[in-house]
Amino acid sequence: IKETGLGKHDGLIRVWTRWDGSDFNQSLPLIRSEHYFPDIEDPELIRKCLMDYRMEWDKSIDINEEIKEFRTDNLGNRVVNKSVANTSQREFIDKKIYFRSEENDDIYLWITSAPDELYPINKYTRSDSLLGINRIGKRTNGKPGCYYHAISQTDVKISPWFNNVLLPIVASNMTEWG
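Bear in mind that the values here come from a model prediction, so they are computed numbers and not experimental data.

## Let's talk about the overall build of the protein chain
In terms of helices and strands, the protein chain carries three helices and nine strands. Looking at the 178 residues of the protein chain, the share that counts as buried comes to 34%. Contacts in the protein chain between residues at least 24 apart in sequence constitute 50% of all its contacts with a sequence separation of at least 6. Accessible surface, the protein chain: about 11100 Å² in total, of which carbon and sulfur atoms supply 53%.

Now the structure itself:
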């Protein structure tokens with residue numbers, strides 16, 4: 001696997017893509033990323049940033065809210081992204097399950113779309129999180145800090161012409177994975 005061409009590569013972020021997708025869907029790319037945080041010693045801080053404090057740092061979204069009516073042990077979450085290139089805003093209604101490994105205290109987060117019945121479709125374009133697998137933990141081998149690894153596949157419902165314009169730009173910034 002070659003390194004990506006995403007600006008300056010300082011060893012803290014890597015991104016790969018598999019353009020032929022996954023077993024779930026071969027027509028949508030699968031994205032893999034690794035982020036390293038040498039100054040953060042507690043994986044729980046990264047989990048809280050992703051789940052509790054996202055609105056404070058993620059300027060690409062307008063809405064991030066827990067769905068209180070979601071009556072299971074899972075978390076129901078609604079996210080509405082800001083408009084990109086004059087497209088309609090995308091809305092995600094996801095279920096999130098997270099747990100800790102007893103072996104090494106790593107945090108695992110699994111994300112998939114919740115049924116549309118959970119939250120009515122309104123003025124936004126409903127997107128689907130087909131697959132989201134995340135792992136957060138402490139680095140090993142004497143390296144300081146924590147890591148966040150993610151694999152995701154998302155259908156953001158973009159039109160074919162936009163896809164043809166966008167994908168060549170994205171492809172030049174990502175390395176083929178596997």
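## Considerations on the confidence of the model for the protein chain
Low-pLDDT stretches of the model should not have their predicted coordinates read in fine detail. Across the protein chain, the average pLDDT comes to 79, with 79% of residues at 70 or higher. Here strand 9 (residues 175-176) is the element of the protein chain with the lowest mean pLDDT, 50, and helix 1 (residues 43-51) is the one with the highest, 91.

## Let's talk about the pairing of strand 8 (residues 146-155)
As paired strands, strand 2 (residues 30-37) and strand 8 are joined by seven bridges and run antiparallel to one another. Counted as the bridge partner of F37 is C146 from strand 8. Both strand 7 (residues 125-138) and strand 8 contribute to a ladder of 10 bridges, which runs antiparallel. When the bridges of strand 8 are listed, G132 appears paired with S152.

## Re the pattern of salt bridges
For the coordinates displayed, the defined rule picks out 12 salt bridges. The salt bridge involving R32 is made with E34; its shortest N-O contact spans 3.0 Å. You can call E34 buried: its relative accessible area is 9%. In this structure, D105 engages R100 in a salt bridge whose closest nitrogen and oxygen atoms are separated by 3.7 Å. By relative accessible area, D105 is classed as partly exposed at 45%. Residues joined in a network through salt bridges with shared partners are E44, R47, D52, R100 and D105.

## Let's talk about unusual backbone geometry
For D105, which is not glycine, the phi dihedral falls at a positive 65 degrees. For D105, the location among the structural elements is in the loop between strand 5 (90-100) and strand 6 (107-113). Even without glycine at this site, N141 takes up a positive phi of about 60 degrees. Along the chain, the position of N141 falls in the loop between strand 7 and strand 8.

So, how was this worked out
- Residues numbered from 1 in each chain as written.
- Predicted model: local features only at pLDDT ≥ 70, side-chain atom pairs only at ≥ 80, totals over all residues.
- Heavy atoms only, no water.
- Helix = DSSP H or I, 4+ residues; strand = E, 2+ residues; numbered from the N terminus.
- Buried < 20%, exposed > 50% of the residue type's maximum accessible area, 1.4 Å probe, protein only.
- Contact = heavy atoms within 4.5 Å.
- Areas by Shrake-Rupley, 256 points an atom, 1.4 Å probe, with all protein chains shown as cover.
- pLDDT = per-residue confidence, 0-100.
- Pairing = 2+ DSSP bridges.
- Salt bridge = Lys/Arg side-chain N within 4 Å of Asp/Glu carboxyl O.

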